[in-house]
Amino acid sequence: MASALDDDEIDNDDYYSLLNVRREATQEELKAAYRRLCMLYHPDKHRDPELKRQAEQLFNLVHQAYEVLSDPQARAIYDIYGKRGLDVEGWEVVERKRTPAEIREEYERLQKEREERRLQQRTNPKGTISVGIDATDLFDRYEEDYEDMVGGGIPHVEINKMHISQSIELEFGAGDTHGPLFGMKIFRNLTPRCFVTAQCGLQFSSRGVRPGVTTVLARHLDKNTMGYLQWRWGIQSSMNTSIVRDTKSSHFTFAMQLGIPHSFLMLSYQYKFQDEDQTKIKGSVKSGFFGTVVEYGAERKISRHSVLGATVSVGVPQGVSLKIK
């Protein structure tokens, strides 16, 4: 019995050999072989500890082989690609009635998606296009003296800001009023609940090159809540502390900043709808030396890699603007 259960003689990847059946075996033949081997290798039938351990190993392998070969789709995948084909993520959502050619095509698609996910995890690419629209004139028309103003009959709406950015591992932004930005970021875990990031960058503008350094110390306060302390030097120097709570259905942020040129208090809340489009509505209040700004808006996923959002901003003395992102 010991030699029959020798680990070196077990081919874990050949399910047909494990069940001792031919590759063309019917479901009845598979079931009969499975029952016979289960009775033979059942751990409770062996008292010797070593034989019991080996029998349990073979019993589990036989069960795994039967689970695959008794499932028509899993068996078709196994016959074409072997055990490695079953390890590809995504088969669980594939239509079960597929021909070998369709299975091969689906396997190549899933492999390509897995490689894309690996590349995305390595480089973390992200792109953003943001457009700011000044709509203050739409609200000024309700003032009593608006009709007396020159051109007061037609509201004046204009695009006052546009920002395009693309980042992989080095951040790059173009089209902003401050100019392009190149930077590097370093991340390190201090404890299981605490980490620190440091980022240095170069801001290119009409005034020349401006260096900047940002350091963030973060700590998990509970399962869904994070606390942050941020120090920024060079480009808009400041010290910021914030608390962020993120759950499946909502996102809450409270932040306080002391810095140049702005110091402020900020409170924001976002509600997440549990739908396929990942729709979110949000609102925030921000008050500081620059005045007070109230924002509200929504965003929705429009494709696999794209999100469309719009935000209305009402501020004193900034006015009203619409941001499309």
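Residues numbered from 1 in each chain as written. Predicted model: local features only at pLDDT ≥ 70, side-chain atom pairs only at ≥ 80, totals over all residues. Heavy atoms only, no water.

Asks: Lay out the overall build of the chain in plain terms, naming residues and giving numbers.
Replies: Each helix and strand in the chain was counted, giving 7 helices and 14 strands. Nonlocal contacts in the chain, meaning residues at least 24 apart in sequence, comprise 32% of its contacts between residues at least 6 apart. When the accessible surface of the chain is split by element, carbon and sulfur atoms take 56% of a total near 22,100 Å². (Helix = DSSP H or I, 4+ residues; strand = E, 2+ residues; numbered from the N terminus. Contact = heavy atoms within 4.5 Å. Areas by Shrake-Rupley, 256 points an atom, 1.4 Å probe, with all protein chains shown as cover.)

Asks: Which residues make up the packing of aromatic side chains, and what are the values?
Replies: Applying the stated criterion across every chain yields a total of 5 aromatic pairs. With a centroid separation of 4.7 Å and an interplanar angle of 15 degrees, the aromatic rings of Tyr15 and Tyr78 are classed as stacked. Of this pair, Tyr15 sits in helix α1 (residues 15-19) while Tyr78 sits in helix α4 (residues 72-81), placing them 63 residues apart in sequence. Summarising the burial analysis for this pair, Tyr15 and Tyr78 share the class buried. Pairing Tyr271 with Phe273 gives two aromatic rings, centres 5.1 Å apart and planes at 85 degrees, and the pair type is edge-to-face. Taking relative accessible area as the criterion, Tyr271 reaches 34% and is therefore assigned partly exposed. Taken together through their ring pairs, the aromatic side chains of Tyr15, Tyr16 and Tyr78 make up a single cluster. When the ring centre of Phe264 is taken as origin, the NZ or CZ atom of Lys286, which lies over that ring, is 4.2 Å away. (Phe/Tyr/Trp six-rings, centres within 6.5 Å; stacked < 30°, edge-to-face > 60°. Buried < 20%, exposed > 50% of the residue type's maximum accessible area, 1.4 Å probe, protein only. Lys NZ or Arg CZ within 6 Å of the ring centre and 35° of its normal.)

Asks: Go over the pairing of strand β14 (residues 319-324), please, and point to the residues and values.
Replies: Bridge count for strand β13 (residues 307-316) against β14 is 6 bridges, and the pairing is antiparallel. Bridged to Val312 within β14 is Leu322. Between the antiparallel neighbours β13 and β14 lie 2 residues. (Pairing = 2+ DSSP bridges.)

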